[in-house]
Amino acid sequence: MNPTTDGETLLYFAGIGERTETWRQVFQDVAPEIIIVDRDATPEQKAACQYALAWKPRPGELTALSKLQAIFGLGAGVDGILADNSLPSDVPLIRMVESGLTQGMVEYCLWQVLYHHRRFWETEAAQRQHHWLEQYYPAPWDRTVGVMGLGEIGHAVATQLMSFKFKLRGWSRTAKVIDGVSCFVSLDSLPAFLNGCEIVLCLLPLTAETRGFLNADFFAHLPMGAALINAGRGAQLNEADLLAAMRFGRIGSATLDVFQTEPLPPEHPFWRQERLFITPHNASFTDPRAAAQAIHRQISDHRSGLPLQHVVDRTRGY
Ligand code: NDP
Ligand code: OXD
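Since this is a predicted model, take the numbers as computed values, not measurements.

A. Up close: the site of ligand 2. Taken together, Trp55, Gly75, Ala76, Gly77, Leu101, Arg233, His281 and Ser284 make up all the residues around ligand 2. Within the side chain of arginine 233, one N or O atom sits 2.7 Å away from an oxygen atom of ligand 2. Separating an oxygen atom of ligand 2 from a side-chain N or O atom of histidine 281 is a distance of 2.6 Å. Here ligand 2 has 200 Å² of accessible area as a free molecule, and 84% of this is covered by the chains. Looking at the shell around ligand 2 residue by residue, the classes come out as 3 nonpolar, 4 polar and 1 charged.

As structure tokens, this is what we get:
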């Protein structure tokens, strides 16, 4: 059901179709004054929307919203929204920052770092053979783990890994100081960051600079047998280069949550690659209730003349 438009706060939902009702319900509970307008609304109803909530809008979809004052991304990554070349350039785009999304990523990264650190697939395979495997692994303080991206999520992940006493490195575009993490900055320091990095986690946004950047050159800086965990975006990875690096043993094991094509097609060679672990882009989710609360706060602030938070810098791309 779409609303009348007089004097109301209207939020256009350009998200994932089957979830519209969930979001409508959540907004009704959390912020009843914000009315969800969906794709089936009339052109007049759409034109009256002051705000939009989007994940991968259809090209041109948001240009119909002539009164738009801000676009909220449904996720932390806004590449699916920026992919629309007709996106109004003067409307602020806000990425999702909410504690449930961050916490899910922390859980996922911790799980996967420990999985590769302890090579748990070996004990799983041994169990299937009824074999009592003698397995040895280094102490975490002898294991170097690198976190690429030290933003909202990368910083939280690095902090959690620190409590497990790994030798931690971090890499970002601008300089950071994080207690217990050796921080590296920009492309110039990438070789030094990767040199000796046994487990590397990619938590970068997809931008012009990061597209295709997990490639043969990148892998060549890692020690033999390194583990790669990519929960950033699939387009950051050169998939053929990863398969070659795994055949050659440069990459000993990998976990991928994100792919060039999602869902990953059944015939994709990744499904058959040994020691390559796949999760279906579910490292974390935006929690609708927490997100509705965050958007409600932002809209209230915006309406009172306060600045919006987490606005994407369109020139940087994140
Ligand atoms: P932030 O914007 O808070 O952080 C991004 C980090 O990446 C920053 O530290 C930034 O550096 C760094 N960065 C960006 N570009 C470069 C570059 N060219 N070189 C080096 N460092 C760079 O984003 P979030 O932490 O909230 O999210 C990160 C990404 O995680 C999202 O964009 C999304 O793609 C992915 N994600 C995936 C999910 C999943 O389920 N798989 C769920 C949630 C997020 P600086 O600090 O210097 O600006
Ligand atoms: C995100 C995601 O960017 O879920 O939030 O991928």
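B. Broad picture of the site of ligand 1. Close contacts around ligand 1 come from 28 residues, with Thr174, Lys176, Glu209, Asp257 and Tyr318 the closest. In the model, an oxygen atom of ligand 1 is placed 2.5 Å from a nitrogen or oxygen of the threonine 174 side chain. Take aspartate 257: an N or O atom from its side chain is 2.8 Å from a nitrogen atom of ligand 1. Within the complex, the protein chains bury 94% of what would otherwise be the 940 Å² of accessible surface of ligand 1. Elements that contribute at least two residues to the shell around ligand 1 include exactly helix H6 (152-163) and strand S7 (167-172). For the shell around ligand 1, the per-class residue count stands at 12 nonpolar, 9 polar and 7 charged.

C. Representation of the sheet that holds strand S2 (residues 34-37) in the model. The strand order across the open sheet built from 5 strands is S2-S1-S3-S4-S5, with neighbouring strands paired in parallel fashion. A strand with exactly one partner marks an edge of an open sheet, and here the two such strands are S2 and strand S5 (93-94). Pairing between strand S1 (residues 9-14) and S2: 4 bridges, direction parallel. Opposite tyrosine 12, over in S2, you have valine 37 as the bridge partner. Helix-sheet contacts for helix H1 (residues 20-30) involve S1, S2 and strand S3 (51-54), and the interaxial angle to S2 is about 170°. Sheet contacts for helix H10 (residues 288-303): S1, S2, S3, strand S4 (70-73) and S5; angle to S3, the most-contacted strand, approximately 155°.

D. Structural view of the layout of surface pockets. Reported here for the second largest pocket is a volume of approximately 420 Å³. Considering the residues around the second largest pocket, the lining is formed by 20 residues, among which Asp79, Gly80, Leu206, Arg211 and Arg233 are closest to the centre. By residue class, the composition of the lining of the second largest pocket is 7 nonpolar, 8 polar and 5 charged. Of the residues that make up the lining of the second largest pocket, three or more belong to each of domain 1 (9-98 + 286-303) and domain 2 (99-278).

E. Molecular detail of unusual backbone geometry. Of note, the bond from glutamate 262 into proline 263 is cis; its omega dihedral lies within 30 degrees of zero at -5°. Counting through the fold element by element, proline 263 comes out in the loop between strand S11 (251-256) and strand S12 (276-278). One non-glycine residue, arginine 119, lies in positive phi territory at about 50°. In the Ramachandran plot, histidine 281 falls in the positive-phi region, its phi being about 45° despite a non-glycine side chain. Among the structural elements, histidine 281 can be located in the loop between S12 and H10.

F. Broad picture of the pairing of strand S9 (residues 199-202). Residue alternation in S9 divides its side chains into two sets, Ile199 and Leu201 and Val200 and Cys202, and both sets are buried. Sheet analysis places strand S6 (residues 144-148) next to S9, joined by 4 bridges and oriented parallel. Within S9, the position partnered with methionine 148 by the bridge is cysteine 202. In this sheet, strand S10 (residues 226-230) lies alongside S9 in parallel orientation, the contact comprising 4 bridges. Each bridged residue has a counterpart across the sheet, and for leucine 201 the counterpart in S10 is isoleucine 229.

G. How the structure looks around the packing of helix H4 (residues 99-118) against helix H5 (residues 120-128). Two elements in contact, H4 and H5, have axes whose closest approach is 5 Å; the angle formed by their N-to-C orientations is 70°. One finds that H4 runs roughly perpendicular with respect to H5. From H4, Leu114, Tyr115, His116 and Arg118 reach across to H5, where they touch Phe120, Trp121 and Glu124. For the contact of H4 with H5, the class distribution of residues is 4 nonpolar, 1 polar and 2 charged.

H. Structural context of the pattern of salt bridges. Counting across every chain of the model gives 8 salt bridges. Residue arginine 289 is joined to aspartate 29 by a salt bridge in which the shortest nitrogen-to-oxygen separation is 3.2 Å. On the criterion of sequence distance, the pair formed by arginine 289 in helix H10 and aspartate 29 in helix H1 is long-range, its members being 260 residues apart. For glutamate 61, the salt bridge goes to arginine 39, with nearest N and O atoms at 2.6 Å.

Calculation rules
Residues numbered from 1 in each chain as written. Chains lettered and ligands numbered in written order. Predicted model: local features only at pLDDT ≥ 70, side-chain atom pairs only at ≥ 80, totals over all residues. Heavy atoms only, no water. Near = heavy atom within 4 Å. Polar contact = N/O pair within 3.5 Å; in protein donor to acceptor, adjacent residues only side chain to side chain. Areas by Shrake-Rupley, 256 points an atom, 1.4 Å probe, with all protein chains shown as cover. Nonpolar A, V, L, I, M, F, W, Y, C, P; charged D, E, K, R; others polar. Helix = DSSP H or I, 4+ residues; strand = E, 2+ residues; numbered from the N terminus. Pairing = 2+ DSSP bridges. Contact = heavy atoms within 4.5 Å. Axes fitted to C-alpha atoms, helices over the stretch in contact; angles between N-to-C directions. 1 Å grid on protein atoms, 1.4 Å probe; cavity = no way out; pocket = protein on both sides within 12 Å on 5 of 7 lines; lining within 4 Å. Points joined across faces, edges and corners; volume = space filled by probe spheres on them. Domains from an automatic or database assignment. Buried < 20%, exposed > 50% of the residue type's maximum accessible area, 1.4 Å probe, protein only. Parallel < 35°, antiparallel > 145°, perpendicular 65-115°, else oblique. Salt bridge = Lys/Arg side-chain N within 4 Å of Asp/Glu carboxyl O.

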